[in-house]
Amino acid sequence: MVDILAAPQQARADSAVRTLTGISVAHWVSHFHIFVLPMLFPFLKQQLGVGYVELGLALTVFAVVSGLTQAPIGYLADHIGARKILLIGLTIGGCALIGLGLHLSYTSLIVCAVLLGLANSVYHPADYAILSAHMDEARMGRAFSIHTFAGFLGGAVAPAIMAALVASIGGLGALIVAGAVGPLVALFLIVLGIPDAGANKNKPKDDTAQKASVITPALMVLTAFFTLLSLSTSGINNFGVVALMGGYGASFSTANIALTAFLGASAAGVLAGGYLADWTHRHSQLAAACFAVNAVLVLLIALLNLPPVALTLAMGLAGFLGGVIAPSRDMMVRNAAPPGAAGRAFGIVSTGFNFGGIVSPLLFGWIMDQHMPHWVFGASVGFMVLTVLLALVTERKPQASAVAVQPQPR
């Protein structure tokens, strides 16, 4: 009798592991593909005979397309099925890079950026819709943390992978191989049997609930929250090295080690944050507390000329705390999403990341052009303080949010 009762539980656990594995691999691909073109900029500049401004335009096109299509893709994920959307996204992103490798021109580069932006808009709505529907409620925070960590890992290994590919098969071959990863992973997900979500599978019997607008005040606040998160960290990610060298006299190696500590500790913090997100229901307060401490650390970095060891430790701790809030951030969105609308909810709030990605290079680039490297960290502190305030605002009605996301019987 015990074996009979345990069998369905074991089957559900195995299905959850397969689902988390497949979705995490897909998220790895999304972040890997984001870094493919930047890693090939020297090759593309030489082959196309263009400047870095023209190459940078391709990244801007990517960010704009991704930002504009996140919410519509979330709607599609909820209405025709997140699995189908995810498989299409993997295939489109991969074919975009393969096409650029087969026909290299500046026009092809822009077309590739458009298709990559469209493909990138798929992952958050589809991934989170599937995870929200099929992960154990008690381990949801850890599931989100593993998913996020896989994305971090994809970006972290992209430079080494692309460098090895260029050295062995050249730039065009590197584009084709990097692109082929997308369709191959789509095939892997099909073989793995990734379950679906959306497609009105959890459609409430009450049509009024189904017709309720997903554009809620809570999700609008969270969209602003995601924008501030992006602005508070992207300046350090993209301009931290040059700011430390130009404003604090740090050597190139010291600045890079400090940034590596920041990024590496962020990934470790994501995994730790998964356990904390499952341990507490006060996700907004956890995020606010971590980012408040983070703001103090970055303020110290902005104001003091720290020795190399202290700088690396401070950057590492700041990165760790920034990573810790990622699972709680995702739980905040899930809790705010109306029933059956996880794809749309994550699609809407993820546009905040894209908006931050568009504004940040311009803002922090202007700061560096004004010879104010200290303000790379100072402006980040300001955005962190605003992030803390917004995080606290989202905690106003935790009871209502908790009721809204009770899992539907399956």
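These numbers were taken from a predicted model, which means no experiment stands behind them. (Residues numbered from 1 in each chain as written. Predicted model: local features only at pLDDT ≥ 70, side-chain atom pairs only at ≥ 80, totals over all residues. Heavy atoms only, no water.)

**Structural notes on the overall build of the chain**
Working step 1: In terms of regular secondary structure, the chain is built from 14 helices and zero strands.
Working step 2: Sequence-distant contacts, at least 24 apart, represent 85% of the contacts inside the chain between residues at least 6 apart.
Working step 3: As presented, the chain carries roughly 18100 Å² of accessible surface, and 70% of it is formed by carbon and sulfur atoms. (Helix = DSSP H or I, 4+ residues; strand = E, 2+ residues; numbered from the N terminus. Contact = heavy atoms within 4.5 Å. Areas by Shrake-Rupley, 256 points an atom, 1.4 Å probe, with all protein chains shown as cover.)

**Focus: a nonpolar patch on the surface**
Working step 1: On the surface, V296, L299, L300, L303 and L304 cluster together to form a nonpolar patch covering roughly 450 Å² of accessible area.
Working step 2: Residue placement: L299 occurs in helix α10 (residues 283–303).
Working step 3: The exposure class of L299 is partly exposed, given its relative accessible area of 37%. (Patch = residues over 30% accessible without salt bridge, like charges linked within 9 Å, V, L, I, M, F, W, Y side chains within 5 Å. Salt bridge = Lys/Arg side-chain N within 4 Å of Asp/Glu carboxyl O. Buried < 20%, exposed > 50% of the residue type's maximum accessible area, 1.4 Å probe, protein only.)

**With respect to empty space enclosed by the protein**
Working step 1: This structure, assessed with the given rule, holds three cavities of 30 Å³ or more.
Working step 2: When its volume is computed, the second largest cavity comes out at roughly 60 Å³.
Working step 3: Looking at the second largest cavity, the residues that line it are S30, H33, I34, F62, G89, G93, L116, A119, N120 and Y123.
Working step 4: Looking at the lining of the second largest cavity, the elements with two or more residues in it are α1 (2–39), α4 (82–102) and α5 (106–134).
Working step 5: Among the elements that take part in the lining of the second largest cavity, α5 stands out by supplying four residues, more than any other.
Working step 6: Residues of the lining of the second largest cavity, tallied by class, amount to five nonpolar, five polar and no charged. (1 Å grid on protein atoms, 1.4 Å probe; cavity = no way out; pocket = protein on both sides within 12 Å on 5 of 7 lines; lining within 4 Å. Points joined across faces, edges and corners; volume = space filled by probe spheres on them. Nonpolar A, V, L, I, M, F, W, Y, C, P; charged D, E, K, R; others polar.)

**Side note on unusual backbone geometry**
Working step 1: With a phi close to 60°, H371 is a non-glycine residue in the positive phi region.
Working step 2: Relative to the helices and strands, H371 resides in the loop between α12 (342–369) and α13 (374–393).
Working step 3: Judged by its relative accessible area of 69%, H371 is exposed.

**With respect to the pattern of salt bridges**
Working step 1: Counted according to the given criterion, the structure contains four salt bridges.
Working step 2: Linking D278 and R142 is a salt bridge whose minimum nitrogen-to-oxygen distance equals 2.6 Å. Of this pair, D278 sits in helix α9 (residues 252–279) while R142 sits in helix α6 (residues 140–192), placing them 136 residues apart in sequence.
Working step 3: On the accessibility criterion, R142 (26% relative accessible area) is partly exposed.
Working step 4: Here D330 makes a salt bridge to R329, at a shortest N to O gap of 2.9 Å.
Working step 5: Judged by its relative accessible area of 1%, D330 falls in the buried class.
Working step 6: The exposure class assigned to R329 is buried, which follows from its relative accessible area of 10%.

**Notes on the environment of T351**
Working step 1: Among the secondary structure elements, T351 is positioned in helix α12.
Working step 2: Judged by relative accessible area, which is 21%, T351 ranks as partly exposed.
Working step 3: Put simply, T351 and F226 are 125 residues apart on the chain and 8.0 Å apart in space, counted from C-alpha to C-alpha.
Working step 4: When sequence neighbours within four positions are dropped, the list of residues in contact with T351 reads G67, Q70, A71 and T223.

**Side note on the packing of aromatic side chains**
Working step 1: Enumeration over the complete set of coordinates arrives at seven aromatic pairs.
Working step 2: Between Y128 and F346 the ring centres are 4.1 Å apart and the planes differ by 10°, which places this aromatic pair in the stacked class. In this pair, Y128 sits in helix α5 while F346 sits in helix α12, placing the two residues 218 residues apart along the sequence.
Working step 3: Under the relative-accessibility criterion, Y128 is labelled buried at 1%.
Working step 4: Ring plane angle 45° and centroid distance 4.8 Å describe the contact between F226 and F353, whose orientation is recorded as tilted. With a gap of 127 residues between them, F226 in helix α8 (residues 217–248) and F353 in helix α12 connect regions that are remote in the sequence. (Phe/Tyr/Trp six-rings, centres within 6.5 Å; stacked < 30°, edge-to-face > 60°.)

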